[in-house]
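# Examination of the molecular architecture
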Amino acid sequence: MEKKYMLPPCPEFNLQANQTWLDDMAKQGWLLTDDSFFLGVAVFEPSAPSHMRYRLEAAQTHASLFNGSDRPEEALIQANREFGWEYVTRRGQFYIYRCADPAAVELHTDPQVQALSVDALTKRIRSELIWSICHVLLLLWLHAGFSFALFCALLGTPLMVSGLALLIWSFCDRLCRIHRLSSLRSQLRENRRATQRSDWRSGARCHRAAAVAGIVLPVVWIFAVLFQFPSKLPLAQMEQQLPLTASQIVPDAEIDEGFLDSTVTLYEDILFPESYELREYFRFPEGSGSMYIHYHRTAAPFLARRLVYEYEHYFDREPFEKDERIPIELGELDADLALCYRGDYLDELYLVRGTKAVYIRWQFHQDAALTAREVALAALEALD
Amino acid sequence: MPKGPLDILSESMFYVLMALSKKSMCGTEIAEWVTRRTGGRVTLGPGTLYTILGKFKEHRMIQEVAVDGRKRTYRITNPGLNAYWAERDRLRACVRDADMTERRY
C-alpha cells in the first residue's frame, strides 16, 4: 500500500490550519498514520475519501519519546474513544485525534477550558526560551566575551556558523510558537472555538523552508563536529616546515627533550587555511626557555586583526598569572599591528602582518635572553 | 491580585462540580448527567471533560476514589464543594439582580 510523505504546510501551533489540512487530506482519500511526524514528516495512507474531523490537543506535560509521554495515557485514549475520538499520533506538543462520526460531540466544547490546556504549554515554551537565553549569556560570560573568530579558527567555521544559525533558528522558532499560542489563547478566552476552517496553503512555502532549515542545520552541525578534529603531534615528528617556530626566533635553539614534550596542534578551516598552536621547550647556548606560538594565516586581513583583538581580550592565560600586564614599547616595526606585554611569568607579543596573525608567549630561564623587540623582529622576519 | 486559573468557573466546570456534588461518578457518567440535566444545552466533549477533571484534581477540588481498569471514579472534596457553592450563590445573585431590574421596568 503506497504511502504519501509530506512536510507539513503549517506549524504545529496553528491548530486551525493543521485541522483543516488533515480534514482536506481525508476528503482526498489520505488518512494520517500513527507513525507520522517522527522526523517532522507527515505520513498518509490511502483510504476511501471521507469526512473526517481532526483535532489537536495540547499535551499537559512535556511530550517526548524519552519520558514516556509521547502518547496520552491509555485511560485517556480509551475515554476519548468512547466518545468517538480515535487517537492517531503526536505532532510536537500536540496529540492528534480524529472522528469519523459527524454526530459525535466535539473534542473540545468549552474554549475557556481549552485555553487552560494551552496555558500550560505556553508556560513551558516560555521557560525553555528563558533557559536558552540564560545558557547563551552564561556561555558568553564564561568566555569573557564573544570570541567568534577565535572559535572559528580553533573549532571550525562550519561548526560555528551552523551552530549560530541553529541558535538563531531555535530562538525565532520559540518566539513564533509563543506568539501563535498567545493568539490562540486570546481567541479561546474570548469563547471562540478553534474549529473554524483556515487557509493552510498561505504561508506553506515559508513554513516548509523553515522546517527544512530546522532539519538541515543540526545535520550540518553534527557533521562539522564529527569532522573537525585538530591533529596534535610531537614537534620532533613534524615533517613539514612550520612558518614560525622558536628556533627561527631564538638563534641556535634546539628542542629540549626533557620531561615536557614540545607539541604542535594543527587546525584547518576555510577562513583560516593554516593555523597551529606550538608549545616548544628549547635549549640554546645561553640557556633554555619555553615558547607558545599561536599562528594563523587568514582569508582576509581584517580576520587577522580580529583574531589578535580576541587573543588580547578574551584568551585565557595561565591560571597562575595575574591579570595585570605591563605594556612594553617595541618601537617602529614593519607590521600592521604590534603589541607587547610583560606578565608575571610570560611575556606576550601580538603581531599582524597582512593576513597573518601571531600570538607568542615566552619565557627565558636566564637573564641573558632576547628583548621583546628582538623577538618581534625575528618573528616578523620569519613571517616574510 | 491576579486570579488563579480556576477562580472563575466556566459553565462546563460548574456543571461538572454540580454532577459530582450529587454523587461520585466516572467521566462518561458525568458527561451523560450534564447532558440530561441541561436538556442537551450543555454537552461536554472528552477533551473538555478530561481537562476539567485533570485541573480539578490538580487543585484538589476532586479526588479519585476508585480505579476499575481504565475507568476512574471521582468524588468532590470540600474545597470543590465550596467552589461550587460560591459559584452557585454568585449566579443566584446575578439572576436575582436581573429579575429585580426587569420588575422595575
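See above for the structure.
Here goes a summary of the coordinates provided. All figures in this text were calculated on a predicted structure; none of them were measured in a lab.

### Quick look at the nonpolar core
If you look at soluble globular proteins, the nonpolar side chains tend to sit buried side by side. Judged by nonpolar contacts, the single largest core of 41 residues is most densely connected at Val16(B), Ile30(B), Leu49(B) and Phe56(B). At 8 residues, helix α1 (residues 11-22) of chain B tops the list of elements feeding residues into this core. Every residue in contact with Phe56(B), bar those within four places of it in the chain, is listed here: Leu6(B), Leu9(B), Met13(B), Val16(B), Leu17(B), Met61(B) and Ile62(B). Listed in part, the 33 residues of the second largest apolar core include Met6(A), Phe37(A), Tyr54(A) and Leu184(A).

### A few points about the sheet that holds strand β3 (residues 42-46) of chain A
All names here are of chain A. If you walk across this open sheet you meet the 3 strands as β1-β3-β2, and the pairing is antiparallel. Strands at the two margins of the open sheet, each flanked by one partner only, are β1 (4-6) and β2 (30-32). Adjacent strand axes in the sheet meet at a mean angle of 35° when their direction is disregarded. In terms of strand pairing, β1 meets β3 through 3 bridges, oriented antiparallel. Following the sheet pairing, Met-6 is matched in β3 by Ala-42.

### As for the packing of aromatic side chains
On inspection of all chains with the given rule, the structure shows 14 aromatic pairs over all chains. Plain terms: the ring middles of Tyr87(A) and Tyr95(A) are 6.0 Å apart, the flat faces sit at 75° to each other, and that makes the pair edge-to-face. The exposure class of Tyr87(A) is buried, given its relative accessible area of 11%. Relative accessible area serves as the criterion here: at 7%, Tyr95(A) is assigned to the buried category. Between Phe14(B) and Tyr15(B), the aromatic rings sit 5.9 Å apart at their centres with planes inclined by 75°, giving edge-to-face as the arrangement. We note that Phe14(B), like Tyr15(B), is buried. Three or more aromatic residues joined by ring pairs form one cluster here, namely Tyr311(A), Tyr341(A), Tyr350(A) and Tyr359(A). Over the ring of Tyr292(A) we find Arg279(A), and its NZ or CZ is 4.9 Å from the ring centre.

### Regarding the pattern of salt bridges
Side chains that differ in charge, positive against negative, can pair when their charged atoms come close. Enumeration according to the criterion identifies 27 salt bridges over all chains in this entry. In this structure, Arg98(A) engages Glu86(A) in a salt bridge whose closest nitrogen and oxygen atoms are separated by 3.5 Å. Residue Arg98(A) is located in strand β6 (residues 94-99), and its partner Glu86(A) is located in strand β5 (residues 86-91); the two are separated by 12 residues in the primary sequence. The buried category is assigned to Arg98(A), whose relative accessible area is 9%. Under the relative-accessibility criterion, Glu86(A) is labelled partly exposed at 38%. Each member of the salt-bridge network shares a partner with another, and the members are Glu73(A), Lys57(B), Glu64(B) and Arg72(B).

About the cut-offs
- Residues numbered from 1 in each chain as written.
- Chains lettered and ligands numbered in written order.
- Predicted model: local features only at pLDDT ≥ 70, side-chain atom pairs only at ≥ 80, totals over all residues.
- Heavy atoms only, no water.
- Core = buried A, V, L, I, M, F, W, Y, C linked by side-chain atoms within 4.5 Å.
- Buried < 20%, exposed > 50% of the residue type's maximum accessible area, 1.4 Å probe, protein only.
- Helix = DSSP H or I, 4+ residues; strand = E, 2+ residues; numbered from the N terminus.
- Contact = heavy atoms within 4.5 Å.
- Pairing = 2+ DSSP bridges.
- Axes fitted to C-alpha atoms, helices over the stretch in contact; angles between N-to-C directions.
- Phe/Tyr/Trp six-rings, centres within 6.5 Å; stacked < 30°, edge-to-face > 60°.
- Lys NZ or Arg CZ within 6 Å of the ring centre and 35° of its normal.
- Salt bridge = Lys/Arg side-chain N within 4 Å of Asp/Glu carboxyl O.

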